[in-house]
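As a plain string of letters, each chain reads:
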Amino acid sequence: MPHLGLVTVVVRDYDEAIAFYVGAAGFELVEDTPLSDGKRWVVVAPPAARGTAVLLARAVPGEQVARVGDQTGGRVGWFLYTDAFDRDHARMREAGVVFEEAPRREPYGTVAVFRDLYGNRWDLIEPAER
């Protein structure tokens, strides 16, 4: 049965992206494999990820560089689920993650928008009980 394995975030630099996603956002470094021409296969994932991870892909000069931080035209593009919103929100803020808003309760759960180090918008969300 098909499943979603990786989603890509285009980054300026592998090491600064790893520092943010692992150090501030709390992801785990799953893989960091050197490739040709200075490229690397860098995969990070939240600790409780269920098969889906993020591929950190260094932008090549040109249009990709222009897209760093604006891959979704200013919309929230990624949704980081948590089972303890207050705990993870506080830990991320203490680690320097910038949230655009105070947490809010919606019919689908508790949510707050944050930006990664490049400006891409993410939701931190604890889904409502169904």
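What comes next concerns the included structure. In this text the structure is predicted, and so the values were computed from the model without any measurement.

### Here's the deal with the overall build of the protein
Moving on, step 1. Scanning the protein from terminus to terminus reveals three helices and nine strands.
Moving on, step 2. Counting helices and strands in the order they occur from the N terminus, the protein gives β-α-β-β-β-α-β-α-β-β-β-β.
Moving on, step 3. For the protein, the C-alpha radius of gyration of 15 Å lies close to 14 Å, the compact-globule estimate for 130 residues.
Moving on, step 4. Projected onto its principal axes, the C-alpha coordinates of the protein cover approximately 45 × 35 × 30 Å.
Moving on, step 5. With 130 residues in all, the protein has 35% of them scored as buried.

### Focus: the pattern of salt bridges
Moving on, step 1. Counted by the stated rule, this structure contains nine salt bridges.
Moving on, step 2. Asp83 is paired through a salt bridge with Arg87; the nearest N and O atoms lie 3.1 Å apart.
Moving on, step 3. Counted as one network, the salt bridges with shared partners bring together Asp15, Asp32 and Arg40.

### What about the layout of surface pockets?
Gaps between atoms show up when a probe of the same size as a water molecule is rolled over them.
Moving on, step 1. Considering only enclosed or pocket space, the largest pocket measures out at about 700 Å³ in volume.
Moving on, step 2. In terms of lining residues, the largest pocket is bounded by 25 residues, among which Pro46, Ala49, Leu80, Tyr81 and Thr82 are the most central.
Moving on, step 3. At the level of secondary structure, the elements contributing two or more residues to the lining of the largest pocket comprise β4 (53-58), β5 (76-81), α3 (85-94) and β9 (121-127).
Moving on, step 4. Per-element accounting of the lining of the largest pocket gives the leading share, five residues, to β5.
Moving on, step 5. Class assignment for the residues of the lining of the largest pocket results in 16 nonpolar, four polar and five charged.

Parameters and conventions
Residues numbered from 1 in each chain as written. Predicted model: local features only at pLDDT ≥ 70, side-chain atom pairs only at ≥ 80, totals over all residues. Heavy atoms only, no water. Helix = DSSP H or I, 4+ residues; strand = E, 2+ residues; numbered from the N terminus. Rg over C-alpha atoms; globule rule 2.2 N^0.38 Å. Buried < 20%, exposed > 50% of the residue type's maximum accessible area, 1.4 Å probe, protein only. Salt bridge = Lys/Arg side-chain N within 4 Å of Asp/Glu carboxyl O. 1 Å grid on protein atoms, 1.4 Å probe; cavity = no way out; pocket = protein on both sides within 12 Å on 5 of 7 lines; lining within 4 Å. Points joined across faces, edges and corners; volume = space filled by probe spheres on them. Nonpolar A, V, L, I, M, F, W, Y, C, P; charged D, E, K, R; others polar.

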